[in-house]
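Fold and geometry: a report
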Amino acid sequence: MIRSITQQKPQEELDQLLNGLSRVFIVGCGTCVTLTCTGGRTEVDAMQRLLAARGKLITGSIVLPVACDNMTGEALQASRLMIGQAEAILVMTCAFGVQTVARQIKKIVIPALDTLFIGKETGPGQYDEVCTQCGSCIIGETGGICPVTSCHKGLVNGPCGGTNNGKCEIDQGKDCAWTMIYNRLKELNKLDAMRRLQRPRNHQGEPMPGKFRIKEAASLSPSATV
Amino acid sequence: MVSSFKKVLESGKFVVTSEIAPPKGTNLDRMKHHIELLRDKVDALNVTDHQSSVMRFPSLGGAILVKEMGGEPILQMTCRDRNRLALQADLLCAASRGVNNVLCLTGDSVILGDHKEAKAVFDLDSSQLLAAIRRLEKGKDLGGNDLDGGVSFCAGAIVTPEANPIEPQLIKFEKKVEAGAEFIQTQAVYDLDGFKKFMEYARNFDVKILAGIILLTSAAMARFMNKNVAGVNVPQALIDEMAGAPKGKAIQKGIEIAGRMISRIRNERMCDGVHIMAIGKEELVPEIMTAAGLI
Ligand code: SF4
Ligand code: SF4
């Protein structure tokens, strides 16, 4: 399953964002940020204590089941009195959740987390970025491993000169994507794919911001189209 | 117009190139001094492009300066900082100013440099940049549009003969040749027997190979490179030789080693020439060439 991977903002930045705001309501989420221990009930409680110690009045908190879901509006309704007393909402979810909350409430929302990437759980407590949704998928030629994402430079024609013992030049803890792709293609006896000179990529497959509409949208149920 | 460096490459002569680094700032005195010192001794001078992702005076400006001062520049171009519009534009500018040799590089990561939060580009890679050059020469840009006024370049690239694993590196090398590389400057080589094996392979391709020579300045520097520079492997015997140099004479020893390696490469006709890098010690290049019996 894919997950939105987050990390708490540096305390200094949070203090700055909350500067001058004395009454705060905190929102967490029961999905990705609970798994990554960045915005579940435990972290929300800890944040509540921390901010209280800094002299903030915490008007309340809620851990939404799935903050990015369209049901978030209704879930927040249940806390509307506590939210009403707050000057700002501190949202400890990924940025999808922050934006969903922002659309529902006429208050300043402050993200407590930085959203790093959409990742895949590759081991217990281990999440890796494997696709950046680039709009023109090329992994049919690379053995199903994405060089656009897994190669630090997004190179599509083989390794750079910085690759070292199968690791990436920026971090001995990161595998060089092109060593992985080479090994995979070799195993599949498909190295010819790697020998083909790839044309410059289309970086505008879906110009930012991405937008997608199902033509028969009108016939779909309203909840799926909100 | 055929570049004079291209003529040298095709002449069969043992080719010698070196490189200079533009300053951080507008004080060009030191770079001019290096150009004056080297322009008549080497066949061409690389001008580095924000080497190690450290912001400097541009390689294009440096290459134009080499040209104006009567030298033969090789413009280094990385794909890190410019997208395909900017790269093509700079190639047009280079051509218009008589800078007709280009070395195409992917470029180091932004993270390794001195502007660590900058956006990295990598719209093209080194092989695609080579292909772009060949396309511009045919009078078309990458968008398929006609050019008013043509370009002609002698284009090159790099390879790391001691990369580990080596096969992906060789596949990339072959793609660079296919994309139009006429010459290759290698990452620094120190183990010449290993380099010979690489050359047995590389000889199968229609491309000139210039062996990379980096001046060793101390045993510690050699160890540092072994540990930190991808694909550089200084054999223990050379490290010992450097360590055994009398106090204050390590650089002399490094010059001697570089000279010895160059003359062996030349005498055994291992490859088509050498590319001498004396990073930060450019004024020693003539001494290295003397030690090698080149001048
Ligand atoms: S090429 Fe990579 S980033 Fe693009 S869609 Fe395919 S997997 Fe995702
Ligand atoms: S070392 Fe490998 S993964 Fe890292 S930038 Fe170079 S080719 Fe890409």
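Residues numbered from 1 in each chain as written. Chains lettered and ligands numbered in written order. Predicted model: local features only at pLDDT ≥ 70, side-chain atom pairs only at ≥ 80, totals over all residues. Heavy atoms only, no water.

All names here are of chain A. The pairing of strand β8 (residues 167–168) with strand β9 (residues 171–175) spans two bridges and is classified as antiparallel. If you follow K167 over to β9, its bridge partner there is D175. Linking two consecutive strands that pair antiparallel, namely β8 and β9, is a turn of two residues. (Pairing = 2+ DSSP bridges. Helix = DSSP H or I, 4+ residues; strand = E, 2+ residues; numbered from the N terminus.)

Right, let's get into the sheet that holds strand β7 (residues 208–214) of chain B. Residues and elements named next belong to chain B. Read around the closed barrel, the eight strands follow the order β1-β2-β3-β4-β5-β6-β7-β8; overall the barrel is parallel. Neighbouring strand axes in the sheet, compared pairwise and without regard to direction, differ in orientation by 25° on average. Here strand β5 (residues 154–159) pairs with strand β6 (residues 183–188) via four bridges, running parallel. Paired with V159 across the bridge in β6 is T186. Seen against the sheet, helix α3 (residues 59–68) touches β1 (15–20), β2 (44–47) and β3 (73–78) and runs at an angle of roughly 175° to β3. (Axes fitted to C-alpha atoms, helices over the stretch in contact; angles between N-to-C directions. Contact = heavy atoms within 4.5 Å.)

What follows concerns the packing of helix α8 (residues 219–228) of chain B against helix α9 (residues 236–243) of chain B. Residues and elements named next belong to chain B. The N-to-C vectors of α8 and α9 enclose an angle of 155°; their axes lie 8 Å apart at closest approach. Taken together, α8 and α9 sit at an angle that is classed as roughly antiparallel. Across the interface between the two elements, A219, A222, R223 and N226 of α8 pack against I239, M242 and A243 of α9. Residue composition of the contact of α8 with α9, grouped by class: five nonpolar, one polar and one charged. (Parallel < 35°, antiparallel > 145°, perpendicular 65-115°, else oblique. Nonpolar A, V, L, I, M, F, W, Y, C, P; charged D, E, K, R; others polar.)

On to the side chain of K172 of chain B. Looking at the secondary structure, you find K172 of chain B in helix α6 (residues 167–179). Buried within the structure, K172 of chain B lacks any salt-bridge partner; its nearest side chain of opposite charge belongs to D125 of chain B, at an N-O separation of 5.1 Å. (Buried < 20%, exposed > 50% of the residue type's maximum accessible area, 1.4 Å probe, protein only. Lys, Arg positive; Asp, Glu negative; His and termini not counted. Salt bridge = Lys/Arg side-chain N within 4 Å of Asp/Glu carboxyl O.)

Moving on, we get to the site of ligand 1. Neighbouring ligand 1 are the residues C131, T132, Q133, C134, C137, I138, I139, C146, V148 and T149 of chain A. In terms of residue class, the shell around ligand 1 is built from seven nonpolar, three polar and no charged. (Near = heavy atom within 4 Å.)

If you look at the biggest cluster of nonpolar residues, it comprises 99 residues, and the most contacted ones within it are Y190, F195 and I209 of chain B. Ignoring anything within four residues of it in the chain, the contact list for Y190 of chain B reads E162, I214, L216, M225, V232, N233, V234, P235, L238 and M261 of chain B. In this structure, L51, L64, L76 and L113 of chain A belong to the second largest nonpolar core, which totals 30 residues. (Core = buried A, V, L, I, M, F, W, Y, C linked by side-chain atoms within 4.5 Å.)

It is worth spelling out the interface of chain B and chain A at this point. Residue-level contacts link 28 residues of chain B with 29 residues of chain A. Between chain B and chain A, the buried area comes to about 2400 Å², and carbon and sulfur atoms account for 56% of it. Viewed at the interface, chain A and chain B are joined by one salt bridge. Two residues, E174 of chain B and R195 of chain A, come together in a salt bridge whose shortest N-O distance is 3.4 Å. Where chain B meets chain A, there are 16 residue pairs in polar contact (both at pLDDT 80 or more). Among the elements of the structure, α5 (126–137) and α6 of chain B are those that each provide at least two residues to the side of chain B that touches chain A. At nine residues, the largest contribution of residues to the side of chain B that touches chain A is made by α6 of chain B. The residue inventory of the side of chain B that touches chain A, partitioned by class, reads 10 nonpolar, nine polar and nine charged. (Buried area = accessible area lost by both parts, 1.4 Å probe. Polar contact = N/O pair within 3.5 Å; in protein donor to acceptor, adjacent residues only side chain to side chain.)

If you check the domain split of chain A, you get domain 1 (2–116) and domain 2 (131–195). Each of domain 1 of chain A and domain 2 of chain A was reduced to a C-alpha centroid, and the two centroids are 37 Å apart. (Domains from an automatic or database assignment.)

Now for the confidence of the model for chain B. Looking at chain B as a whole, the pLDDT averages 97, with 100% of positions reaching at least 70. The complex prediction reports pTM at 0.95, with the ipTM value standing at 0.95. (pLDDT = per-residue confidence, 0-100.)

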